[in-house]
Amino acid sequence: YPSLLLAATPFLVAALQQSGFGLWCFYLAIVAVGAAASAGTAQAIATVIARCRAHGQDPEIHLHVDEALTIARVDFGCVVVVLGLISLPATLLLGALGDARLVACLCLAGLAVAWVEHLDQVYAGVWKGMEDFASAARAEVFLRALQFSLLLGALQAGAGLIALVVV
């Protein structure tokens, strides 16, 4: 997926111009911070579920999934608080990106997408723990290809920054 985004960079720059592309990169950076925060939870739940299955403790799996989702929510909450605390002084530095309301909107949208990806990583860990790697891989490849296709389609249709964020 990062390689596809890199390949799309010339199209994004042409469609969004320099200032819009800078805001797009800002949005992707926020999403990346949130997605990185879930990495440990996803690996942990995959390991715990695989261990439950190996020891015939399948009825306990749902408890561990609930636990992982709770941890992911708390973890994400901490990320939001930290980003919120640094956003106050950063607003002065991010003024060069454009209108403060647009920057704030992109920050909120990035956090919302990061939260969804955070939870998505937990469910991906569940699939891996259940050793259903083929389904996990098919879903990941299909959804990333669909997302990228929609992004390119929106660019072709002349969509602006907000429409691309929605995609």
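Note: the structure precedes this text.
Reading guide: rules and limits
- Residues numbered from 1 in each chain as written.
- Predicted model: local features only at pLDDT ≥ 70, side-chain atom pairs only at ≥ 80, totals over all residues.
- Heavy atoms only, no water.
- Helix = DSSP H or I, 4+ residues; strand = E, 2+ residues; numbered from the N terminus.
- Buried < 20%, exposed > 50% of the residue type's maximum accessible area, 1.4 Å probe, protein only.
- Contact = heavy atoms within 4.5 Å.
- Expected span 1.5 Å × (residues − 1).
- Axes fitted to C-alpha atoms, helices over the stretch in contact; angles between N-to-C directions.
- Parallel < 35°, antiparallel > 145°, perpendicular 65-115°, else oblique.
- Left-handed = near helix turned anticlockwise from the far one by under 90°.
- Nonpolar A, V, L, I, M, F, W, Y, C, P; charged D, E, K, R; others polar.
- Phe/Tyr/Trp six-rings, centres within 6.5 Å; stacked < 30°, edge-to-face > 60°.

Novice: When you look at the overall build of the protein in this model, what are you seeing that I'm missing?
Specialist: Counting its secondary structure elements, the protein contains 6 helices and 0 strands. In sequence order, the protein lays out its α and β elements as α-α-α-α-α-α. Classification of the 167 residues of the protein by burial places 31% in the buried group. For the protein, the proportion of contacts with a sequence separation of at least 24, taken over those separated by at least 6, is 78%.

Novice: Mind showing me how you'd approach helix α4 (residues 100–129) here?
Specialist: Residues separated by three or four positions in an α-helix point in the same direction, a consequence of the helix having 3.6 residues per turn. Taking 1.5 Å per residue, 30 residues should reach 44 Å; α4 reaches 43 Å between its end C-alpha atoms and fits that length. At the exit of α4 stands E131, carrying a positive phi of roughly 60°.

Novice: Please explain the packing of α4 against helix α5 (residues 133–156) as it appears in this structure.
Specialist: Helix-helix packing: each pair is described by the crossing angle between the helix axes and the interaxial distance. Where α4 contacts α5, the two axes come as close as 8 Å, and the packing angle between them is 150°. In terms of orientation, α4 and α5 fall into the roughly antiparallel class. In this structure, the crossing between α4 and α5 has a hand that is left-handed. Residue-level inspection shows E117, W127 and K128 of α4 in contact with α5, the latter providing F133, S135, A136, A139 and R144. Its residues placed into classes, the contact of α4 with α5 shows 4 nonpolar, 1 polar and 3 charged.

Novice: How should I be thinking about the environment of Q147 in this particular structure?
Specialist: Mapped onto the elements of the fold, Q147 is located in helix α5. Considered as a pair, Q147 and Y1 are 146 residues apart in the sequence and their alpha carbons are 9.4 Å apart.

Novice: Hey, could you run me through the environment of A124 in this one?
Specialist: Summarising the element assignment, A124 is placed in helix α4. In this structure A124 comes out as buried when scored by relative accessible area, which is 16%. With 11 residues separating them along the chain, A124 and S135 place their C-alpha atoms 9.7 Å apart.

Novice: Where do I start with α5 in this structure?
Specialist: Helix length check: α5 (24 residues) gives 34 Å between terminal C-alpha atoms against 34 Å at 1.5 Å per residue, within 8%. Looking at α5, one finds that the buried residues are A136, F148, L151, A154 and L155. Where α5 ends, the next residue or the one after it, G158, has phi of about 85°, a positive value.

Novice: Hey, could you run me through the packing of aromatic side chains in this one?
Specialist: Each aromatic ring pair is summarised here by two numbers: the centre-to-centre distance and the angle between the ring planes. Taken as a whole, this structure holds 1 aromatic pair when the rule is applied. With a centroid separation of 5.7 Å and 35° between ring planes, the pair formed by W24 and Y27 is classed as tilted. Taken together, the positions of W24 and Y27, both in helix α1 (residues 2–37) and 3 residues apart, correspond to about one turn of that helix.

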